[in-house]
Amino acid sequence: MALDLPTLDVPLFQLADYAGVALFAATGALAAARLRHDIVTFGVFAAVTGVGGGTLRDLLLGVPVFWVGDSGYLAVSLLAALAVWLTGTGPAWRLTALLWLDAVGLAAYAVMGAAKATAAGAAPLVALTMGVMTATFGGIVRDVIAGEPSILLTREIYATAALTGAATYVGLGLAGVPSPVPALAGAALAFAVRAGALAFGWTLPGFGGGNRTEG
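What comes next is a walk through the structure. Everything numeric in this text was worked out from a predicted model, so none of it was measured. (Residues numbered from 1 in each chain as written. Predicted model: local features only at pLDDT ≥ 70, side-chain atom pairs only at ≥ 80, totals over all residues. Heavy atoms only, no water.)

With that settled, the discussion passes to unusual backbone geometry. Going from Ser179 to Pro180, the amide bond is cis rather than trans, its omega being 5°. Position of Pro180 relative to the elements: it lies in the loop between helix H6 (159-174) and helix H7 (181-200). In this structure, Arg36 is a non-glycine residue whose phi angle is positive, near 60°. Following the sequence through the fold, Arg36 ends up in the loop between helix H1 (11-34) and helix H2 (39-61). According to the relative accessible area criterion, Arg36 is exposed, its value standing at 71%. (Helix = DSSP H or I, 4+ residues; strand = E, 2+ residues; numbered from the N terminus. Buried < 20%, exposed > 50% of the residue type's maximum accessible area, 1.4 Å probe, protein only.)

Here is the structure:
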């Protein structure tokens, strides 16, 4: 059963989509900054991180890849890279910014992924899954190309935050809550869960008392 939710040509969704790409792109550029790469590599890190999750979503849904038909997404990614290049040099600032920008981007993209899947006619469970994939895959790609351990291989809550946001969006949509409440509530809850993990060290119980589990 497909959800009866608003289409994504609404300006609010379009703006959120660009914002999500920009935020994730900035985290890619910040990863490049931590490794002291050149400006070209900044752009590559930013672009791959910014569009990575949405690309996977669109390929799995069998719809046109969103940035191929709209170069604005790549432009936003490159502008984010330039902004990071021009601002700040302190390692502590970079790490803090990367974590919190990633949290905001994850919250926005958990909802956007679910919403775009819905617009493509996906069933609720598929939409929820696409929300999680969209929100997390860009960060995975960033960590891989930066040679950093993936955050999904730690006990830190990450995918759980994306799941919370996507599930809230889908659940409120099924309940008939009018737009834009499902999107705003989903993004807010996803960010709150991720922020709690960052600020207070929230984790989920590990299997069999182990120390490594997905968040």
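What follows picks up the thread again.
Tallied over the full model, the rule gives four salt bridges. Between Lys116 and Asp17 there is a salt bridge, with the nearest N and O atoms lying 2.6 Å from each other. Pair noted here: Lys116 is in helix H4 (residues 91-119) and Asp17 is in helix H1, with a separation of 99 residues, a long-range link. By the burial criterion, Lys116 is buried, and Asp17 matches it. The partner of Asp102 in a salt bridge is Arg142, and the shortest N-O contact between them spans 3.0 Å. Placement of the pair is Asp102 in helix H4 and Arg142 in helix H5 (residues 124-146), with a sequence separation of 40 residues. (Salt bridge = Lys/Arg side-chain N within 4 Å of Asp/Glu carboxyl O.)

What follows concerns the nonpolar core. Of all hydrophobic cores here, the largest spans 31 residues; its most connected members are Phe66, Leu106, Tyr109 and Tyr169. Among the secondary structure elements, those contributing two or more residues to this core are H1, H4, H5, H6 and H7. Setting aside residues up to four positions removed in sequence, Leu106 forms contacts with Phe24, Ala135, Tyr158, Ala161 and Ala162. Among the nonpolar cores identified, the runner-up in size contains 16 residues, and Phe45, Ala46, Leu98 and Ala146 belong to it. (Core = buried A, V, L, I, M, F, W, Y, C linked by side-chain atoms within 4.5 Å. Contact = heavy atoms within 4.5 Å.)

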